[in-house]
Amino acid sequence: MITDFFDLNEVFCPEVVHKYSEFAWNFLDVRLAITIESIRMRLNKAIYVNDYSVHGKLTQRGFRCVKCQLMTDVYKSGELFTDPHSLGKGIDFDVAGLVASEVREYIIKNRNLWPYPLRLENNVSWVHLDILNSNYNDKVIFFEK
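To start, this report covers the structure provided alongside it. Keep in mind that this is a model prediction, so the values were computed, not measured. Sequence order sets the numbering: in each chain, residues are counted from 1 along the sequence as written. This being a predicted model, a pLDDT of at least 70 is required before a residue's local features are given, and a value of 80 or more before pairs of side-chain atoms are given or counted; all residues contribute to the totals for chains, interfaces and linings. Excluded from the side-chain calculations are hydrogens and water; all other atoms, namely the structure's heavy atoms, are used.

**Topic: the overall build of the protein chain**
When you go through the protein chain residue by residue, the secondary structure sums to 5 helices and 5 strands. Listed N to C, the secondary structure of the protein chain is α-α-α-β-α-β-α-β-β-β in terms of helices and strands. For 145 residues, the compact-globule estimate of 2.2 N^0.38 gives 15 Å, and the protein chain sits close to it at 15 Å. Dimensions of the protein chain, computed from the C-alpha atoms along their principal axes, are close to 40 × 35 × 25 Å. Note on classification: 1.4 Å probe, protein chains only; a residue is buried when its accessible area is under 20% of the maximum for its type, exposed when over 50%, partly exposed between these limits. Per-residue burial over the protein chain gives 46% buried out of 145 residues. Pairs of residues are marked as contacts when any of their non-hydrogen atoms sit within 4.5 Å. Within the protein chain, counting contacts between residues at least 6 apart in sequence, those at least 24 apart form 56% of the total. Using the Shrake-Rupley algorithm and a 1.4 Å probe, accessible areas are obtained, with residue cover drawn only from the displayed protein chains. Taken as a whole, the protein chain presents about 8300 Å² of accessible surface, with 52% of it coming from carbon and sulfur. For the charge count, each Lys or Arg is scored as positive and each Asp or Glu as negative, with His and the chain ends excluded. Lysine's charge is taken at NZ, arginine's at CZ, aspartate's at CG and glutamate's at CD. Within the protein chain, one finds 17 positive and 19 negative side-chain charges whose respective centroids are separated by 2 Å. Working definition: helices are DSSP H or I runs of at least four residues, strands are E runs of at least two. Numbering for both runs from the N terminus. Restricting the calculation to C-alpha atoms gives the radius of gyration, and the globule rule supplies 2.2 Å times the number of residues raised to the power 0.38.

Printed below as a string of structure tokens:
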């Protein structure tokens, strides 16, 4: 385990948890873990990623593998698709008591607190955050699908 606030089932799809168990933590970029933990500690509110282990339906908001339906569908479509989730560098989440736009505003307002450059997806009802491998002038950039 590399995180104090998130368990294996929250961060990884069920297929990865089933096959790799605790070894799956090796697939998560430590920079993403540090960033999401930092956001969690500073907001002092629960963050929700996958909820399938508590009878929910969310399975693909953290690390995604090739068996995840979203990945399978894109592959079958023939579309070129690279995904930070499947590289252990991206996560989708909600924060208790806040809407996604409030969380994005908080992340932007506090951009100097985050140790690594990151991207946020704009105009969605959840927060998508991924870690970048380069030195952008700004710590936070937006993208839209």
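**Section: the pairing of strand β3 (residues 118-121)**
When DSSP finds two or more bridges between a pair of strands, those strands are recorded as paired. Two elements, β3 and strand β4 (residues 127-131), share 3 bridges in a ladder whose sense is antiparallel. When the sheet's bridge partners are listed, R119 is paired in β4 with D130. Once β3 ends, the chain turns through 5 residues before running back antiparallel as β4, passing N123 with a positive phi of about 60 degrees.

**Points about the pattern of salt bridges**
Salt bridge criterion: a side-chain nitrogen from Lys or Arg within 4 Å of a carboxyl oxygen from Asp or Glu. Summed over the entire model, instances satisfying the criterion amount to 6 salt bridges. In this structure, the salt-bridge partner of R64 is D83, at a minimum N-O distance of 3.1 Å. Of the two residues, R64 sits in the loop between β1 (47-48) and α4 (69-77) while D83 sits in the loop between α4 and β2 (90-95), which places them 19 residues apart along the sequence. Each member of the pair, R64 as well as D83, carries the same accessibility label: buried. Several salt bridges share partner residues, and in doing so they unite D29, R31 and K89 into one network.

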